[in-house]
Amino acid sequence: MKIMFGHLQIKSAYSFQRSTILIKDLVKMAKEKHIDALALCDKDNMYGAYEFYEECTKANIKPIFGLEATVLINGEHYPMTLLAIDDQGYFDLISLTSKINLSKERAIVLDDLIPYVAHLLIISASDEGIVERLVLKDMEKEAEKYLRRFKEMFKDHYYIMIQNHHIALQKNRNERLIALAKYLNIKLLWGNDVCYLRKQDALAVDLMSASQEGRTLPVQYEVVSDERYLKSEEEIKACIPASLMEETARVVQMCKATIPQGIKNLPAYPTPANVSAETYLRELCKVGLKKRFKGQRVTKPYIERLSYELDVIHSMGFDDYFLIVWDYVQFSKKHHILVGPGRGSAAGSLVAYVLGITNVDPLAYDLLFERFLNPERVSMPDIDIDFQDDRRDEVVRYVIEKYGQNHVCQIVTFSTYGPRVAIKDIGKVMNVPLPRLEMIAKMVPTGPKNKKTITEVYQTSASFQSLINENKALRKLIGAMSVVEHLPRNISMHAAGVVLSRRPLSQSVPLVIGPSDMVMSQYSKDYIEKAGLLKMDFLGLKNLTMIDYILKDLHKEGYDLSLQDIPLNDQKTYEMLSRGDTFGVFQLESAGMRNLLRRMKPRELNDIIAAIALYRPGPMDNIPLYLKNRANQKEIVYLTEELKSILSSTYGIIIYQEQIMQIARIIAGFSLGKADMLRKAISKKNIKAMQMMKEEFIEGAIKNRHSKEKAVEIYNLIEKFANYGFNKSHSVAYAIIAYQLAYLKANAPRIFFASILSNVGASSSTKLHCIQEAKKYGVKILSPSINKSTDRFTVEKEGIRYSLTAIKNVGYAGYRSISEEREKGPFIDLYDFLARMEKTRMNKSMMDALIEAGAFDEFEKNRAYIKGNLDKMVEYVHLKNTIGVDEEPILDYIKEDRYRKLEEEKEVLGLYLTTHPLTYVKEKLSIPIISLCDVSQYVGKSINVIMSISRVKSVVDKRGREMAFIEGQDDTSQQDCVCFSQSYERYKDSLKRGKIVAMEVRVQMRETLSLVVNKVKEIK
């Protein structure tokens, strides 16, 4: 029998800044080098353990679970390597890494390892280990004392690892360690402390370590050793004694830990009076169903569907799961936290509907439970819930408090360096100037459509290559940068995922403290369910926050509207959608979607449901056919009469996954569970499963009296559309949110736009767009007011009042100081404001910003006058407050420049609010000018416009000539233009960002409205 060869000390890139090894690359190279076993021993963590286990198993390489643990010995931190002998050893490592990462010391006390020794091997295996450091300091007696102590504590499970990285000091230390081990009868192993796959990657590890520690290295720096790479058996034999090879092989054989499969650690819901979860769930559902029918008699289809779903849920062991979700949704509703109507396939469950988890009646919309929970394919249920995003954390805190921190955690994600951060982080180590690094970094495209690696840019861009090659440091670093860009840089928290468990989490999954001091699983979302745990997504949805604020503002105005009160047949709403007027409307905002709505002219909610399902890559190819059939319904031909009942609502086209399942049931006699397996096989392109199910489909269709030819034709139809079919449950739920927002926009535009402005964040362009859209509805945006403005955009009779926190240099702390003082009474005039705010932390930059934004216009319209006399006013107020001087100063008259006033306003608000400078420019022009907000009325015609250019993107056309895409704005709207090569060559110098130009353009409408530039005149 062949002796197994394996590496027992490997760090992956999850030992952040200590390794360049990605797990897939590690396993691939190990396979190429015929390595039998690998031990992953990351620094204090097991982030990669599950991924490592799966990849090794696929490659038929033995995975060994390990950990380089930080151990507290006499108050100092030292590393020791731990290897799992068996399955319990794997769980012991989980427990230990959790203890390390959840402790203040970020270490485990040496004596705390003793309870784990039966299932672990403990190895002194690091240059930084206490024994190794003592030997290097010639303190061998002290080293011997610790070796005796370790052997006494860990018995035969204690080893010393010998490494040979061709370093003189290491060679000397090894000789002494070997002598001590023989003297004390301690077993020896070999190791290579692998932290890169190839020799040439050694520099990258040193550079990352230096970057992490804030050190710099000279350009002439050379690595001390490049031997810590993944060596083959022959390379190891050439530098390691044969006796160590044999003992290491025995350890490789000894370590047989796996990750046990099929162990579920699903949470339990604490039912009242200890009734069973099944009984409690059924009782809640009965009550909930009666509530949904509002006192009317419950019909048979609902009773049967509910009974069926409850039976399936119980047989699959998910009663507790539904109760847990019901409980935190009820908490949210009781505390007036807005919850979405549903998300994903869960909207197909009647149980979820009667419990109030969703607000979509699955029978009314032909939604299928089996798309959510398939009794023929056991998998974890997945109920994702949308909450208003500003209160999502309250729900998570509730769940943690109810079930305990030991049973609830969030989920880790990893931030990757990416090319730009890699260039800056690594470049700084060798003192490359930051402006140069930023310039080079910006040359690497990172957008989703044209993403490139550093290597790809270096190989294809002569200018990038030139900038690298002309700098000695960059020439040396470019290889390391191209390695580092692909590596994880640090951990962050998954935006939505929450894990719940019955047993303490640290018995199932490694834990870590994440951002905001939240406990997180070290396993990412891809491995949580495989580890037997339940993942729930608590998603924060900005649109629900918007709706919540709109409803509160309506309440203030005397309208007590709830979402349930919104009628689904409002003509005003459908007219607005048919115009493509969907700015701010969830799911319906994109230019392509607006174009679809204009062509579709929706008349009912089903049209919006279809639009959401159709407008995505793949399905959108069917839009022309859908619209054609919708307009000519009598011409639609169905392959069989049965298909008509399924496809008539979508005009003969398969749009939804549920339709595929219904076809398989009616035509081939499949159960809905089996039909879902067919859908999944086709969408995942599982050829083997597809072929098997195709045969079963044809056989079933023939049994149902269809010809073989017709059966094949119908199956081919399914196969054609299955790739594109969308989950109707999700489409219905999101169509409801979209419609609700559209209704509120159509019927309460002032409040709608105030809510959007309060939720768009700091983007000036988005605010500007919103203000322009609001103006179309006759909604006026009022300047900020020191007495009336709050931390949000608020609704007044005259319009929407600008927020104080949206002013540059004010911020929330500044607003609070103003607000607290204002609670004592409004500010009477500017002197009163200065006097009352003197003792606050308001600084000059904040005061200037308030003046420039127009916050004091109610006291004095001339902003230049206030700024020019501010020092005198402040001095007067100070003297009055301190020694009682009450003689107002004589203020200087200052004439205001109207252009400068507007530019200062734009500087602090990010946009022109009171008026636009182009308004003044237009007054001086003799030619007729069309406002940008009106250009859609002139499709196919040539018109004159004036705009301030905000962006120019030049590209090369098919003939190799330069053309440009231009974005600009006037005082009414913003618009995209295209300038083809002939015109661009002529007017290129005038078409620059920041310039004001008058243009003759031709208005065209394809997917979106665009202006084709014919002539340009720059306005000075």
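Per chain, the residues get numbers from 1 upward, laid out in the order the sequence is written. It should be noted that, the model being predicted, local features are given only for residues of pLDDT at least 70 and side-chain atom pairs only at 80 or more, the latter also being counted only at that level, while totals for whole chains, interfaces and linings use all residues. The basis for every side-chain value is the complete set of heavy atoms in the structure, and neither hydrogens nor water enter the calculation.

## Some thoughts on the sheet that holds strand β10 (residues 408-416)
- Taken in spatial order, the six strands line up as β9-β14-β11-β10-β13-β12 in an open sheet, and their pairing is mixed. A single partner strand is all that each edge strand has here, and the edge strands are β9 (385-388) and β12 (511-513). On average, adjacent strands in this sheet sit at an angle of 50° to one another, irrespective of strand direction.
- Each of β9, β11 (488-500) and β14 (534-541) touches helix α12 (residues 319-334); the most contacted strand, β14, lies at about 25° to it. A pair of strands is labelled paired if DSSP reports no fewer than 2 bridges between them. Strands are runs of DSSP state E lasting at least 2 residues, helices are runs of H or I lasting at least 4, and numbering of each runs from the N terminus. To get an axis, a line is fitted to the C-alpha atoms, and for a helix only the part in contact is used. The angle between two axes follows their N-to-C directions and goes from 0 to 180 degrees. In this analysis, two residues are considered to be in contact whenever any of their non-hydrogen atoms come within 4.5 Å of each other.

## Describing the pattern of salt bridges
- Every case where a carboxyl oxygen of Asp or Glu lies within 4 Å of a side-chain nitrogen of Lys or Arg is listed as a salt bridge. Evaluated as defined, the whole model comprises 61 salt bridges.
- Ionic pairing is found between Asp393 and Arg392, a salt bridge with its closest N-O pair at 3.3 Å.
- Notably, a salt bridge pairs Lys776 with Glu773, separated by 3.1 Å at the nearest N-O pair. Of this pair, Lys776 and Glu773 both sit in helix α33 (residues 764-776), three residues apart, roughly one helical turn.
- Three or more residues joined by partner-sharing salt bridges are found here, namely Lys11, Lys43, Glu68, Asp193 and Arg228.

## A short note on the packing of aromatic side chains
- Here the aromatic set is Phe, Tyr and Trp, taking the six-membered ring for Trp, and pairing holds for ring centres within 6.5 Å; pairs whose planes are under 30 degrees apart are stacked, those over 60 apart are edge-to-face, and all others are tilted. Overall, the coordinates contain 42 aromatic pairs when judged by the stated rule.
- Ring geometry for Phe827 and Phe833: centres 4.9 Å apart, planes at 75°, overall edge-to-face.
- Any residue under 20% of the maximum accessible area for its type is buried, any over 50% is exposed, and the rest in between are partly exposed; the area is computed with a 1.4 Å probe on protein chains only. Look at Phe827 and you get buried, because its relative accessible area is 2%.
- Pairwise contacts between aromatic rings join Tyr50, Tyr53, Phe65, Tyr90, Phe91, Tyr523 and Tyr527 into one cluster.
- The ring of Tyr549 has Lys552 sitting right over it, with the charged end atom 5.5 Å from the ring centre.
- Two thresholds decide whether a charge sits over a ring: the Lys NZ or Arg CZ must be within 6 Å of the ring centre and within 35 degrees of the ring normal. Sitting over the face of the ring of Phe670, Lys674 holds its NZ or CZ atom 4.7 Å from the ring centroid.

## Some thoughts on the side chain of Gln740
- Relative to the helices and strands, Gln740 resides in helix α31 (residues 728-747).
- Judged by relative accessible area, which is 9%, Gln740 ranks as buried.
- Apart from residues no more than four positions distant in its own chain, Gln740 is found in contact with Ile547, Leu563 and Ile566.

## As for the UniProt feature "domain: Polymerase/histidinol phosphatase N-terminal" (unreviewed entry) in the protein chain
- UniProt positions are given in the numbering used here, feature names are shortened, and annotations may be inferred rather than shown by experiment. Annotation from UniProt places "domain: Polymerase/histidinol phosphatase N-terminal" (unreviewed entry) at residues 6-73.
- Along residues 6-73 one finds 29% helix and 31% strand; the C-alpha atoms at either end are 30 Å apart.

## With respect to helix α23 (residues 591-600)
- For α23, the complete set of buried residues consists of Gly592, Met593, Asn595, Leu596, Leu597 and Met600.
- Those residues of α23 that are buried lie in contact with α22 (571-578), α24 (605-614) and α25 (623-631).

## Remarks on the nonpolar core
- Definition of nonpolar core: a set of buried residues of the types Ala, Val, Leu, Ile, Met, Phe, Trp, Tyr and Cys, connected through side-chain atoms within 4.5 Å. Counting residues in each nonpolar core, the largest one holds 132 residues, and the members touching the most others are Ile608, Phe697, Phe833 and Leu850.
- Tallying contributions element by element places α31 first for this core, with 13 residues.
- Mapped onto the domain boundaries, this core takes at least three residues apiece from domain 3 (566-582 + 592-738) and domain 4 (760-909).
- Apart from residues no more than four positions distant in its own chain, Phe833 is found in contact with Ile786, Ile818, Phe827, Met842, Met847, Leu850 and Phe856. Domain segmentation is taken from an automatic or database assignment of domains.

## With respect to the packing of α22 against α31
- Contact geometry of α22 with α31 gives a least axis separation of 9 Å together with a crossing angle of 100°. Considered as vectors, α22 and α31 are oriented roughly perpendicular to each other. Residues Lys572, Thr573, Tyr574, Met576 and Leu577 of α22 pack against Tyr739, Ala742, Tyr743, Lys745, Ala746 and Asn747 of α31.
- Think of it as three bins: nonpolar holds Ala, Val, Leu, Ile, Met, Phe, Trp, Tyr, Cys and Pro, charged holds Asp, Glu, Lys and Arg, and polar takes everything else, Gly as well. Broken down by class, the residue content of the contact of α22 with α31 amounts to seven nonpolar, two polar and two charged. Angular relationships are summarised with four words: roughly parallel below 35 degrees, roughly antiparallel beyond 145, roughly perpendicular across 65 to 115, and oblique for the angles in between.

## Some remarks on unusual backbone geometry
- Positive phi values are uncommon outside glycine, yet Asp44 reaches one of about 65°.
- Its place among the elements puts Asp44 in the loop between β2 (37-40) and α2 (49-58).

## A look at the sheet that holds strand β16 (residues 794-796)
- The three strands lie next to each other as β15-β17-β16, forming an open sheet whose pairing is mixed. Strands with a single pairing partner mark the edges of an open sheet, and in this sheet they are β15 (781-782) and β16.
- Pairing between β15 and strand β17 (residues 799-801): two bridges, direction parallel. The residue of β17 that forms the bridge with Leu782 is Arg801.

## Here we look at the environment of Leu306
- Position of Leu306 among the secondary structure elements: in helix α11 (residues 300-315).
- Take Leu306: its relative accessible area is 6%, and that puts it in the buried class.
- Remark: the alpha-carbon pair of Leu306 and Ser819, spanning 513 residues in sequence, is separated by 53 Å.
- With near-sequence residues (within four places) excluded, Leu306 lies in contact with Cys285, Leu289, Leu350, Val351 and Val354.

## A closer look at the side chain of Ser948
- By the element assignment, Ser948 lies in strand β18 (residues 942-956).
- According to the relative accessible area criterion, Ser948 is buried, its value standing at 18%.
- Those residues in contact with Ser948 that lie beyond four places of it in its chain are Leu918, Glu967, Gly968, Gln969, Lys995 and Ile996.

## Overview of the domain arrangement of the protein chain
- Annotation of the protein chain at the domain level lists domain 1 (6-194 + 230-254), domain 2 (200-210 + 261-267 + 407-532), domain 3 (566-582 + 592-738), domain 4 (760-909) and domain 5 (917-1018).
- With nine residues of domain 4 at the contact, the number on the domain 5 side is nine residues.
- When two parts are put together, the accessible area they lose, computed with a 1.4 Å probe and summed over both, is reported as buried area. The largest contributions to the domain 4 side of the interface with domain 5 come from Gln772, Arg898 and Tyr899, which together make up 53% of the buried area.
- The interface formed by domain 4 and domain 5 holds zero salt bridges in total.
- Whenever two N or O atoms come within 3.5 Å, that pair is a polar contact, provided that in protein one can donate a hydrogen and the other can accept it, and provided that, for residues adjacent in sequence, both atoms are side-chain atoms. At the boundary of domain 4 with domain 5, the tally comes to two residue pairs in polar contact (both at pLDDT 80 or more).
- Of all the secondary structure elements, the ones that give two or more residues to the side of domain 4 that touches domain 5 are α33 and α38 (898-909).
- With five residues, the top contributor of residues to the side of domain 4 that touches domain 5 is α33.
- Here the residues of the side of domain 4 that touches domain 5 sort into three nonpolar, three polar and three charged.

## Describing the pairing of β18
- Where β18 and strand β21 (residues 996-1005) come together, seven bridges link them in antiparallel fashion. Its bridge partner being in β21, Ile946 is matched across the sheet by Ala998.
- Examined bridge by bridge, β18 and strand β19 (residues 962-969) share eight bridges and lie antiparallel to one another. Residue Ser954 lies in a different strand from β19, and its bridge partner there is Ala964.
- Counted between consecutive antiparallel strands, the loop separating β18 from β19 contains five residues, among which Gly960 sits at a positive phi close to 80°.

## Remarks on the environment of Ile566
- Assignment of secondary structure puts Ile566 in the loop between α21 (542-556) and α22.
- Considered as a pair, Ile566 and Leu121 are 445 residues apart in the sequence and their alpha carbons are 65 Å apart.
- The residues touching Ile566, leaving out its near neighbours within four places in the chain, are Leu561, Tyr739, Gln740 and Tyr743.

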